[in-house]
Each structure stands twice: as C-alpha cells, then as structure tokens.
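In case you want the letters, here they are:
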Amino acid sequence: MAVFIIDANLPYYFSLWNTPEFIHVKDINDEWTDEQIWTYAKTNNLTIITKDCDFSNKIMFNNPPPRVIHLRFGNMKMKPFFETITKLWDDIVEINKDHKLVNVFIDRIEGIE
C-alpha cells in the first residue's frame, strides 16, 4: 500500500522508492497538474515528496492529508542525491509522522507543524 507519492520532478528510477510504499506520479499520469497530484494525495492519505515549493507553500495553509516532504537541496547528480536521501531517510520518515511539512536540506531537516 502506497504511503508516499513521488512528484514528477524527481527521479523515476531510484532504488529507495522501488517498494509498494511509493508511487511515482509517472505511474499514474505524468501530465497531472500540482492540483491533481494534491487531490490524489489527499484522497489517498499520501505524503507528497517533491522539489516543488508550490506544495510546501500550499500545506502551510492546509491541514493534512496530504503531508509534504520538500527536498530543498537543489540539483545534484544521482549518486550524491541517492547518498543524501538514503542517509537521511529514516529521520525524514520519523519527522513526517508529526509534522505536515518536512523541509530537507543538505545539512539539516526541519519539521513544521
């Protein structure tokens, strides 16, 4: 059962996300607007993982679901991206449980209620 929906702006082929807990927008409809992604995530109680500030801006004025994990460390090559996410993932998931927005920076993670 999916828990997370991966925004189209993030890699499709990424081993961490290759489990039933994750669904990539590309597997549903990669032409969806942000609003369609938001509605789908809300209806299915999913957390949106994105690099798009539109989702983090929107969650500030709404209550979950959905929740948002905003990856805020800019463009990276795949290997450093994978290493960073893998290293931080357990902490990200833990913070996500109690916060509607998790901002993930290269050097820190912030949870916003």
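Quick look at the environment of Asp98
Point 1. Examined against the element boundaries, Asp98 turns out to sit in helix 4 (residues 78–98).
Point 2. Residue classification places Asp98 among the exposed residues on the basis of a relative accessible area of 57%.
Point 3. For the pair Asp98 and Glu113, spaced 15 residues apart in the sequence, the C-alpha separation amounts to 7.2 Å.

What to know about the environment of Trp32
Point 1. The topology assignment puts Trp32 in the loop between helix 1 (25–28) and helix 2 (34–43).
Point 2. Here the alpha-carbon distance between Trp32 and Pro65, two residues 33 residues apart in the chain, equals 19 Å.

Re helix 2
Point 1. Here helix 2 has its buried residues at Ile37, Trp38 and Ala41. Angularly, the buried residues of helix 2 cover 100° about the axis, an arc narrow enough to put them on a single face.
Point 2. Contacts made by the buried residues of helix 2 are with strand 1 (4–6), helix 1, strand 3 (47–50), helix 3 (53–59) and strand 4 (67–71).
Point 3. Within two residues after helix 2, Asn45 carries a phi angle of roughly 55°, on the positive side.

A look at the side chain of Asn103
Point 1. Checked against the element boundaries, Asn103 lands in strand 5 (residues 101–104).
Point 2. Overall, the relative accessible area of 5% leaves Asn103 in the buried class.

Quick look at the pairing of strand 4
Within a regular strand, side chains alternate between the sheet's two faces.
Point 1. Most of strand 4 sits inside the fold, with four of its five residues counted as buried.
Point 2. As defined by bridge partners, strand 3 adjoins strand 4 across four bridges and the pair is classed as parallel. Residue pairing in the sheet places Thr50 in a bridge with His70 of strand 4.
Point 3. Traced from strand 3 through helix 3 to strand 4, the parallel crossover comes out right-handed.
Point 4. Bridge count between strand 4 and strand 5: four bridges; the pairing is parallel. What sits directly across from Leu71, in strand 5, is Val104.

With respect to the pairing of strand 3
Point 1. The alternating pattern of strand 3 places Thr47 and Ile49 on one face and Ile48 and Thr50 on the opposite face, and all of these are buried.
Point 2. Looking at chain direction, strand 1 and strand 3 are connected through three bridges and run parallel. In the sheet register, Phe4 faces strand 3, and the bridge partner there is Thr47.

Here we look at the packing of aromatic side chains
Point 1. Per the counting criterion, the structure on display carries 11 aromatic pairs.
Point 2. Seen from their ring centres, Trp38 and Phe55 are 6.5 Å apart, and the 5° between their planes marks the pair as stacked. With Trp38 in helix 2 and Phe55 in helix 3, this pair connects stretches of sequence that are 17 residues apart.
Point 3. Ring geometry for Phe73 against Phe81: centres 5.8 Å apart, planes inclined by 50°, an arrangement best described as tilted. Just as Phe73 is buried, Phe81 falls in that class too.
Point 4. In textbook terms, an aromatic cluster arises when at least three aromatic residues are bridged by ring pairs, as seen for Phe14, Trp17, Phe73, Phe81 and Phe82.
Point 5. Geometry around Tyr12 places Lys26 over its ring, the cationic atom sitting 4.6 Å from the centre.

Cut-offs and rules
Residues numbered from 1 in each chain as written. Predicted model: local features only at pLDDT ≥ 70, side-chain atom pairs only at ≥ 80, totals over all residues. Heavy atoms only, no water. Helix = DSSP H or I, 4+ residues; strand = E, 2+ residues; numbered from the N terminus. Buried < 20%, exposed > 50% of the residue type's maximum accessible area, 1.4 Å probe, protein only. Arc of directions from axis to C-beta. Contact = heavy atoms within 4.5 Å. Pairing = 2+ DSSP bridges. Right-handed = clockwise from strand over helix to strand, strands pointing away. Phe/Tyr/Trp six-rings, centres within 6.5 Å; stacked < 30°, edge-to-face > 60°. Lys NZ or Arg CZ within 6 Å of the ring centre and 35° of its normal.

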